[in-house]
Amino acid sequence: MTFFFNLLAGAVSLYSFALMFRIILTWFNRMHHGRVLDVLSRITDPYLNWWRSRLNLRLGVLDLSPIVGLTALTVLQSIFATLGRHGRISVGIVLSIVLQAIWSIVSFLLIIALAIIVLRFVAYITGRNVYHSRFWRFIDTVSQPLLYKINRLIFGKRLVNYRTGIFASAAALGTVLVAGGFAVRLLSGLLLRMPL
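Caption draft 1: Structural detail: the overall build of the protein. Regarding its fold elements, the protein presents 6 helices and 2 strands. For the protein, the N- to C-terminal ordering of α and β elements is α-α-β-β-α-α-α-α. Radius of gyration (C-alpha) of the protein: 21 Å, far over the 16 Å computed for a compact globule of 196 residues. Considered along the principal axes of its C-alpha atoms, the protein spans approximately 60 × 50 × 25 Å. Excluding contacts between residues fewer than 6 apart, the proportion of contacts in the protein whose partners are at least 24 apart in sequence is 59%. In the form shown here, the protein has an accessible surface area of approximately 12800 Å², with 69% of it arising from carbon and sulfur atoms. The averaged location of the 4 negative side-chain charges in the protein is 12 Å from the averaged location of its 20 positive side-chain charges.

If you want it as structure tokens, here you go:
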């Protein structure tokens, strides 16, 4: 039975790799990649489209639903690998795997948000005109609502200057990232010790 679960874990891992390759290919303008892309699209697009149709995770031009789809496969692959290694699995292990997978999505999004805020700060202190470049316009478009929401949580309706808002937002995101990572490791350790 362990061989069967190891085989399933390997198959899920291979499919995840195909999905990542397909996602990376979508970043490039409709370049013709030939028959390989056609076959890859037929294999991966139904799964990706299933997540897109159920989740509304668009952030401007970014579609974040594939991240959730890949995370679901990672959870499944981890469960199969654990069953393949040990021949059994507990509720605590499954909960730990799910918790770590959810945290990986959250921490990924926090890191992206932090990077966008840092880039916006760089544009601010260097005096870049964010409207002359598509890249800086994108950073500005994404950072403004993000900064607004974070600053509302921190300062409420009180007005603060732009630089203070950027620093406070970056500090808040960094704190959540560090504290959340610590809390997830602690809780995951407790879940792993749960009896069957």
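And the narrative resumes.
Caption draft 2: Spotlight on the packing of aromatic side chains. Across all of its chains, the model carries 9 aromatic pairs by this definition. Here Tyr47 and Trp51 contribute two aromatic rings whose centre-to-centre distance is 6.1 Å and whose plane-to-plane angle is 75 degrees, an arrangement assigned as edge-to-face. Separated by 4 residues within a single helix, Tyr47 and Trp51 lie in helix α2 (residues 35–54), roughly one turn from each other. Judged by centre distance (5.2 Å) and plane angle (55 degrees), the ring pair of Tyr124 and Tyr162 falls under tilted. With Tyr124 in helix α4 (residues 91–126) and Tyr162 in helix α6 (residues 162–192), this residue pair connects regions lying 38 residues apart in the sequence.

Caption draft 3: Region of interest: α6. Its 31 residues place the ends of α6 44 Å apart at the C-alpha level, agreeing with the 45 Å of an ideal helix rising 1.5 Å per residue. Of the residues making up α6, those classed as buried are Gly165, Ile166, Ala168, Ser169, Leu173, Gly180, Gly181, Val184, Ser188 and Leu191. Against the buried residues of α6 lie α4 and α5 (134–155). The N-cap residue of α6 is Asn161: its side-chain oxygen and the backbone nitrogen of Arg163 are 3.2 Å apart.

Caption draft 4: Seen up close, helix α1 (residues 2–26). With 25 residues, α1 should reach 36 Å at 1.5 Å per residue; the first-to-last C-alpha distance of 36 Å fits that figure. For α1, every residue scored as buried is listed here: Phe5, Ala9, Val12, Ser16, Ala18, Leu19, Arg22, Ile23 and Leu25. As for α1, its buried residues are in contact with α2 and α3 (65–86).

Caption draft 5: Representation of the environment of Ala113 in the model. Tracing the backbone through its elements, the reader meets Ala113 in helix α4. Placed 36 residues apart in sequence, Ala113 and Gln77 show a C-alpha to C-alpha distance of 28 Å. Apart from the residues lying within four places of it in its own chain, the contact partners of Ala113 are Leu146 and Leu173.

Caption draft 6: Expanded view of the environment of Val142. Counting through the fold element by element, Val142 comes out in helix α5. Residue classification places Val142 among the buried residues on the basis of a relative accessible area of 13%. Along the sequence, Val142 and Ile116 sit 26 residues apart, while their C-alpha atoms lie 7.6 Å from each other.

Caption draft 7: Inspection of the side chain of Ser96 at higher detail. Checked against the element boundaries, Ser96 lands in helix α4. With a relative accessible area of 2%, Ser96 lands in the buried category. When neighbours within four sequence positions are excluded, Ser96 is seen to be in contact with Ser188, Leu191 and Leu192.

Caption draft 8: Quick look at the packing of α2 against α3. Two numbers describe how α2 lies on α3: the axes approach to 9 Å, and their chain directions differ by 115 degrees. Regarding α2 and α3, the two cross each other, and that crossing is right-handed. Here Tyr47, Leu48, Trp51 and Arg52 of α2 lie close against α3, whose contacting residues are Ser65, Pro66, Val68, Gly69, Ala72 and Leu73. Its residues placed into classes, the contact of α2 with α3 shows 7 nonpolar, 2 polar and 1 charged.

Caption draft 9: Structural context of a nonpolar patch on the surface. Taken together, the side chains of Phe182, Leu186, Leu187 and Leu190 present a nonpolar region at the surface, about 420 Å² in accessible area. Looking at the secondary structure, you find Leu190 in helix α6.

Caption draft 10: Inspection of the pattern of salt bridges at higher detail. In the structure shown here, the tally under the stated rule is 2 salt bridges. Across the salt bridge formed by Asp45 and Arg22, the nearest N and O atoms sit 3.0 Å from each other. Within this pair, whereas Asp45 is found in helix α2, its partner Arg22 is found in helix α1, the two being separated by 23 residues in sequence. The two residues Asp45 and Arg22 agree in class, both being buried.

Rules used throughout
Residues numbered from 1 in each chain as written. Predicted model: local features only at pLDDT ≥ 70, side-chain atom pairs only at ≥ 80, totals over all residues. Heavy atoms only, no water. Helix = DSSP H or I, 4+ residues; strand = E, 2+ residues; numbered from the N terminus. Rg over C-alpha atoms; globule rule 2.2 N^0.38 Å. Contact = heavy atoms within 4.5 Å. Areas by Shrake-Rupley, 256 points an atom, 1.4 Å probe, with all protein chains shown as cover. Lys, Arg positive; Asp, Glu negative; His and termini not counted. Charge placed at Lys NZ, Arg CZ, Asp CG, Glu CD. Phe/Tyr/Trp six-rings, centres within 6.5 Å; stacked < 30°, edge-to-face > 60°. Expected span 1.5 Å × (residues − 1). Buried < 20%, exposed > 50% of the residue type's maximum accessible area, 1.4 Å probe, protein only. Polar contact = N/O pair within 3.5 Å; in protein donor to acceptor, adjacent residues only side chain to side chain. Axes fitted to C-alpha atoms, helices over the stretch in contact; angles between N-to-C directions. Left-handed = near helix turned anticlockwise from the far one by under 90°. Nonpolar A, V, L, I, M, F, W, Y, C, P; charged D, E, K, R; others polar. Patch = residues over 30% accessible without salt bridge, like charges linked within 9 Å, V, L, I, M, F, W, Y side chains within 5 Å. Salt bridge = Lys/Arg side-chain N within 4 Å of Asp/Glu carboxyl O.

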